[in-house]
Amino acid sequence: LLKTMILDQAQFESRAEPIQVLLSDVDGVLTDGKLIYSSDGHESKAFHVRDGLAIKLWRRCDFSFGLITARESECVARRGDELGVDFLLQKRSDKLKAIREITQSLGLALENVCYIGDDLHDLAAIEAVGLGATVADAAPEIQAAAVFQTQQNGGGGALRELVELLLKTKGLWNTLLSSFSNG
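Values in this document were obtained by computation on a predicted structure and should not be read as measured data.

### Details of the overall build of the protein chain
Moving on, step 1. Counting secondary structure elements, the protein chain contains 8 helices and 8 strands.
Moving on, step 2. Expected size for 183 residues packed as a compact globule is a radius of gyration near 16 Å; at 16 Å, the protein chain falls within 12% of this value.
Moving on, step 3. Its C-alpha atoms put the protein chain at 50 × 45 × 30 Å along the principal axes.
Moving on, step 4. Out of the 183 residues belonging to the protein chain, those deemed buried represent 48%.
Moving on, step 5. Within the protein chain, contacts between residues separated by at least 24 positions form 55% of all contacts whose residues are at least 6 apart in sequence.
Moving on, step 6. Positive and negative side-chain charges in the protein chain, numbering 19 and 26 respectively, have mean positions lying 3 Å apart.

Pasting the structure below:
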């Protein structure tokens, strides 16, 4: 699962250990990046249900989760509300500035943040945080900057893949998994 040319397992574990907050772009990470408008101007987006469960599992382990997007969308506000995200910052093209505001509010450092994005608005954030991640179909510049790249494309369960790996690395996955079996 790891981009072995950049991180080996021990390096990934070292970067994952201090992560307390996971922040994500929306379009291109939680969705496939396509914008769909109806003839009356309403926007729709398709979110992968496994990403939603991943967010809930991450939060169940007492970690913070947030969405940071350069656009503004009722769909994103609704999805964020459904999932109970800790932070929802829309119309924020300066992702790193938004991340700094979040870390300051939590009393954390950038090394405590994992950020996943897919395009140029995400570059500075990916380079600055403790664990900069991207999706399989990200822009080449983002793939080059990230220290972890999912096997899944954006909108295809990429966030679930990242959350599962982080929780396994932190030794929390099996406990979560057991809560789903045998009642």
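There is more to say after this.
### Focus: the packing of helix α2 (residues 49–60) against helix α7 (residues 158–169)
Moving on, step 1. Look at α2 against α7: their axes get within 7 Å of each other, and the N-to-C directions meet at 30°. Classed by the angle they form, the pair α2 and α7 counts as roughly parallel. Here α2 and α7 pass one another in a crossing that is left-handed. Across the interface between the two elements, Arg 50, Asp 51, Leu 53, Ala 54, Ile 55, Leu 57 and Trp 58 from α2 touch Ala 158, Leu 159, Arg 160, Val 163, Leu 166 and Leu 167 from α7.
Moving on, step 2. The residue makeup of the contact of α2 with α7, split by class, is 10 nonpolar, no polar and 3 charged.

### Considering the sheet that holds strand β7 (residues 131–134)
Moving on, step 1. Reading across from one edge, β5-β4-β1-β6-β7-β8 is the order of the 6 strands in this open sheet, with parallel pairing throughout. Of all strands in the sheet, those with a lone pairing partner are β5 (87–89) and β8 (148–149), marking the two edges.
Moving on, step 2. Bridge count for strand β1 (residues 21–24) against strand β4 (residues 64–68) is 4 bridges, and the pairing is parallel. Along β4, the bridge assignment pairs Leu 23 with Gly 66.

### So, unusual backbone geometry
Moving on, step 1. Phi at Asp 62 is positive, roughly 65°, even though this residue is not glycine.
Moving on, step 2. In this fold, Asp 62 is placed in the loop between α2 and β4.
Moving on, step 3. For Asp 62, a relative accessible area of 69% puts it in the exposed group.
Moving on, step 4. Positioned with a positive phi, Lys 91 is a non-glycine residue whose angle comes to about 60°.
Moving on, step 5. Tracing the backbone shows Lys 91 in the loop between β5 and α4 (95–106).

### Some thoughts on the packing of aromatic side chains
Moving on, step 1. All told, the structure shown has 2 aromatic pairs when counted by the stated rule.
Moving on, step 2. Plain terms: the ring middles of Phe 12 and Phe 148 are 5.7 Å apart, the flat faces sit at 55° to each other, and that makes the pair tilted. Within this pair, whereas Phe 12 is found in helix α1 (residues 9–16), its partner Phe 148 is found in strand β8, the two being separated by 136 residues in sequence. Both residues of the pair, Phe 12 and Phe 148, belong to the buried class.

### Let's talk about the environment of Ala 54
Moving on, step 1. Positionally, Ala 54 belongs in helix α2.
Moving on, step 2. With 109 residues separating them along the chain, Ala 54 and Val 163 place their C-alpha atoms 6.1 Å apart.
Moving on, step 3. Beyond its immediate stretch of four places on either side in the chain, Ala 54 contacts Leu 159, Arg 160 and Val 163.

Criteria and thresholds
Residues numbered from 1 in each chain as written. Predicted model: local features only at pLDDT ≥ 70, side-chain atom pairs only at ≥ 80, totals over all residues. Heavy atoms only, no water. Helix = DSSP H or I, 4+ residues; strand = E, 2+ residues; numbered from the N terminus. Rg over C-alpha atoms; globule rule 2.2 N^0.38 Å. Buried < 20%, exposed > 50% of the residue type's maximum accessible area, 1.4 Å probe, protein only. Contact = heavy atoms within 4.5 Å. Lys, Arg positive; Asp, Glu negative; His and termini not counted. Charge placed at Lys NZ, Arg CZ, Asp CG, Glu CD. Axes fitted to C-alpha atoms, helices over the stretch in contact; angles between N-to-C directions. Parallel < 35°, antiparallel > 145°, perpendicular 65-115°, else oblique. Left-handed = near helix turned anticlockwise from the far one by under 90°. Nonpolar A, V, L, I, M, F, W, Y, C, P; charged D, E, K, R; others polar. Pairing = 2+ DSSP bridges. Phe/Tyr/Trp six-rings, centres within 6.5 Å; stacked < 30°, edge-to-face > 60°.

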